[in-house]
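Analysis of the macromolecular model
Here is what each chain is made of, one letter per residue.
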Amino acid sequence: MSSRRTRARIWSTRGGTPTRRGTPCAGGLAAAGTRVEDVRGVIVTHAHTDHYGLAGRIREASGAWIALHELDVPLLAAAECDPAGRLAGLLERVGAPPRLADRLVSRARTRRRPEDLPHPDRILQDRERLAVPGFDLRVLWTPGHSPGHICLWEDRRRLLLSGDHVLPEFAVGLHEPAPGREDPLGGYLSSLDRLAGLDPAEVLPAHEHRFTGLDARLAALRAHHRRRLAQVAGALRIGAVHGWDIAAAVTWHRPFEELRGFALRAALQDTLACLGLLDARGLVRRETGPPERWYPRA
Ligand SMILES: [Zn+2]
């Protein structure tokens, strides 16, 4: 991203309102001292709609290129952006009670028909240096929250733009395991390790607030996932076999039976991510479903 002036400005497209009218991000860009017409490129950390949703409109308004990691390109398909369809598949996979599943899916239906999100013009490579005037940006591939999530490291100012990979307070959800990307938790933990020792002056996440002390936050996130993994393994030991029942035995920020919508989806995906890691370590046996069944290996 760059402004008309010699020094580029970096800002977030997140939080903009994806309405059909008006200039996208006008307020945020004005606060950064620039305009949408001056945007030359949009580097997106991952393809979730609250991050990528305005990218196409910014490209239309400015001619800017859009850059994304290739493993997130499949997430731009309409089916991936359809909350009801995704929830239905997930609930079937984990063996949710059918009547409850029907109720939850009809509640998740939106009036808007899901559409494909526009494709990027550039595919980002891990370790790629990005030519952004005034900044020395390097791409760090950090899968887990999404398969192609990236962070950006700014070497001169020692800043880490952490996207949704590391937030200061909330532990982000992990993507649903799928063929070819079966172990999101393993990928996430490796991605945390990758950031250890970077020692940024400041971390700029995509939600919450900027913060310092990255290594302490990485340690807290590792401990959080270790606890959750232990709870999932414990549920398997006492005979839970479906993802739904295993998730019900895990401690969430509120009781499992009260989780709805996005929070429920995130909890189920995180449970499957734990199971994916146990599977990758040879500690569980999976019977394909739907619903899938999981058994601890002796
Ligand atoms: Zn996200």
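In the block above lies the structure referred to throughout.
Residues numbered from 1 in each chain as written. Predicted model: local features only at pLDDT ≥ 70, side-chain atom pairs only at ≥ 80, totals over all residues.

Within the protein one finds nine helices and 10 strands. Taking 2.2 N^0.38 as the reference for a compact globule, 298 residues should give roughly 19 Å; the C-alpha atoms of the protein span a radius of gyration of 20 Å, in line with that estimate. Counting only C-alpha atoms, the protein reaches 65 × 45 × 30 Å along its principal axes. Burial statistics for the protein: of 298 residues in total, 38% are counted as buried. Across the protein, contacts joining residues at least 24 apart in sequence account for 64% of those joining residues at least 6 apart. (Helix = DSSP H or I, 4+ residues; strand = E, 2+ residues; numbered from the N terminus. Rg over C-alpha atoms; globule rule 2.2 N^0.38 Å. Buried ≥ 20, exposed ≤ 12 C-beta atoms within 10 Å, placed from the backbone. Contact = placed C-beta atoms within 7 Å.)

Here the focus is the nonpolar core. Membership of the largest hydrophobic core comes to 63 residues, with the highest contact counts inside it found for Val42, Val44, Leu152 and Cys274. In terms of residue count, helix α9 (residues 261-280) provides more of this core than any other element does, eight residues in total. (Core = buried A, V, L, I, M, F, W, Y, C linked by C-beta atoms within 7 Å.)

Next up on the list: the pairing of strand β10 (residues 293-296). The pairing of strand β9 (residues 284-287) with β10 spans four bridges and is classified as antiparallel. Bridge pairing links Glu287 to Arg293 in β10. The turn linking β9 back onto β10 is made up of five residues. (Pairing = 2+ DSSP bridges.)

Taken in spatial order, the three strands line up as β1-β2-β3 in an open sheet, and their pairing is parallel. A single partner strand is all that each edge strand has here, and the edge strands are β1 (41-43) and β3 (122-124). Each neighbouring strand pair of the sheet contributes to a mean axis angle of 25 degrees, computed without reference to strand direction. With three bridges joining them, β1 and strand β2 (residues 65-69) adopt parallel strand pairing. Within the sheet, the bridge partner assigned to Val42 lies in β2 and is Ile66. (Axes fitted to C-alpha atoms, helices over the stretch in contact; angles between N-to-C directions.)

The next point concerns the sheet that holds strand β7 (residues 159-163). Spatially, β4-β5-β6-β7-β8 is the arrangement adopted by the five strands of the open sheet, whose pairing is mixed. Of all strands in the sheet, those bounded by a partner on one side alone are β4 (129-132) and β8 (202-205). When strand polarity is set aside, the average angle formed by the axes of neighbouring strands in this sheet is 25 degrees. Across four bridges, β4 lies against strand β5 (residues 135-141) in antiparallel orientation.

All right, on to the packing of helix α6 (residues 184-195) against α9 then. Closest axis-to-axis distance for the α6/α9 pair is 6 Å, and the angle between their directions is 85 degrees. In terms of their interaxial angle, α6 and α9 are classed as roughly perpendicular. Between α6, through Pro184, Leu185 and Gly186, and α9, the contact on the second element is made entirely by Ala273, Cys274, Gly276, Leu277 and Ala280. Taken together, the residues of the contact of α6 with α9 sort by class into six nonpolar, two polar and no charged. (Parallel < 35°, antiparallel > 145°, perpendicular 65-115°, else oblique. Nonpolar A, V, L, I, M, F, W, Y, C, P; charged D, E, K, R; others polar.)

Spatial relationships are all this shows, so hold off on functional conclusions.
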